[in-house]
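Fold and contact review
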Amino acid sequence: ESSMQGFMQIYIAIYRYLHRGARFPWTAMFSAGTSFLCIGLVLSDIKTDADALGISMFQCMQDLLLIGLKRRAPLIYSLRTMETVDYSNEGRLKEEHLREILSLSQTC
């Protein structure tokens with residue numbers, strides 16, 4: 001979302017500046033810059049998670065996508081920040097979740 005928003009802001013700013021003779025749109029450029037900064041911070045956070053877990057960034061992004069699709073238990077990412085993990089809003093635990101918890105608990 002941020003990347004498309006940033007590109008759109010830059011396009012509109014340049015179009016207005018070049019084709020309509022408007023003043024240089026510093027506000028739009030600043031807004032686009034913050035959008036790209038947001039992308040950089042998210043990627044930095046994913047890189048930190050990947051390094052902490054000893055996996056690649058691509059694998060980390062895949063895991064986060066599977067968590068968002070509710071196909072994987074979020075335990076592996078929650079253990080570093082919370083003492084307990086609440087699965088009450090996830091419904092019934094699936095066998096895949098239990099396998100993940102078991103494999104993770106063996107490495108702790």
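Structure shown above.
This write-up is about the structure you can find in this document. Because the structure is predicted, anything quoted here is derived from the model rather than measured.

A look at the overall build of the protein chain
Helix and strand counts for the protein chain come out as 5 helices and 0 strands. Scanning the protein chain from its N terminus toward the C terminus, one meets helices and strands in the order α-α-α-α-α. The long-range fraction of contacts in the protein chain, counting pairs at least 24 apart against all pairs at least 6 apart in sequence, stands at 43%.

Regarding helix 2 (residues 26-53)
Counted at 1.5 Å a residue, the expected span for helix 2 with its 28 residues is 40 Å, and the 41 Å between its end C-alpha atoms agrees. Within the span of helix 2, buried status applies to Ala32, Ser35, Ile46, Asp49 and Ala50.

As for the packing of aromatic side chains
Overall, the coordinates contain 2 aromatic pairs when judged by the stated rule. Relative to Tyr15, the ring of Tyr11 has its centre 6.2 Å away and its plane inclined at 25°; by these criteria the two rings are stacked. Taken together, the positions of Tyr11 and Tyr15, both in helix 1 (residues 2-19) and 4 residues apart, correspond to about one turn of that helix. Of the residues examined, Tyr11 reaches a relative accessible area of 57% and is grouped as exposed.

What to know about a nonpolar patch on the surface
On the surface, a cluster of nonpolar side chains totalling about 560 Å² of accessible area is made up of Ile14, Tyr17, Leu18, Phe24 and Trp26. Here the element with the most residues in the nonpolar patch is helix 1; it accounts for 3 residues. Here Ile14 lies in helix 1.

Here we look at helix 3 (residues 57-68)
With 12 residues, helix 3 extends 16 Å between its outermost C-alpha atoms, agreeing within 8% with the 16 Å of an ideal straight helix rising 1.5 Å per residue. Burial in helix 3 covers these residues: Cys60, Asp63 and Ile67. For helix 3, the angular spread of the buried residues around the axis is 60°, confining them to a single face. Within helix 3, the exposed residues directed more than 90 degrees away from the buried face are Phe58, Leu65 and Gly68. Of the residues flanking the end of helix 3, it is Lys70, one or two places downstream, whose phi is positive at about 60°.

A closer look at the pattern of salt bridges
Taken as a whole and judged by the stated rule, the model has 1 salt bridge. Ionic pairing is found between Lys47 and Asp51, a salt bridge with its closest N-O pair at 3.1 Å. Remark: Asp51 and Lys47 occur in helix 2; sequence separation between them is 4 residues, near one turn of the helix. Lys47 sits in the partly exposed class, given a relative accessible area of 38%.

Quick notes on the rules
- Residues numbered from 1 in each chain as written.
- Predicted model: local features only at pLDDT ≥ 70, side-chain atom pairs only at ≥ 80, totals over all residues.
- Heavy atoms only, no water.
- Helix = DSSP H or I, 4+ residues; strand = E, 2+ residues; numbered from the N terminus.
- Contact = heavy atoms within 4.5 Å.
- Expected span 1.5 Å × (residues − 1).
- Buried < 20%, exposed > 50% of the residue type's maximum accessible area, 1.4 Å probe, protein only.
- Phe/Tyr/Trp six-rings, centres within 6.5 Å; stacked < 30°, edge-to-face > 60°.
- Patch = residues over 30% accessible without salt bridge, like charges linked within 9 Å, V, L, I, M, F, W, Y side chains within 5 Å.
- Areas by Shrake-Rupley, 256 points an atom, 1.4 Å probe, with all protein chains shown as cover.
- Salt bridge = Lys/Arg side-chain N within 4 Å of Asp/Glu carboxyl O.
- Arc of directions from axis to C-beta.

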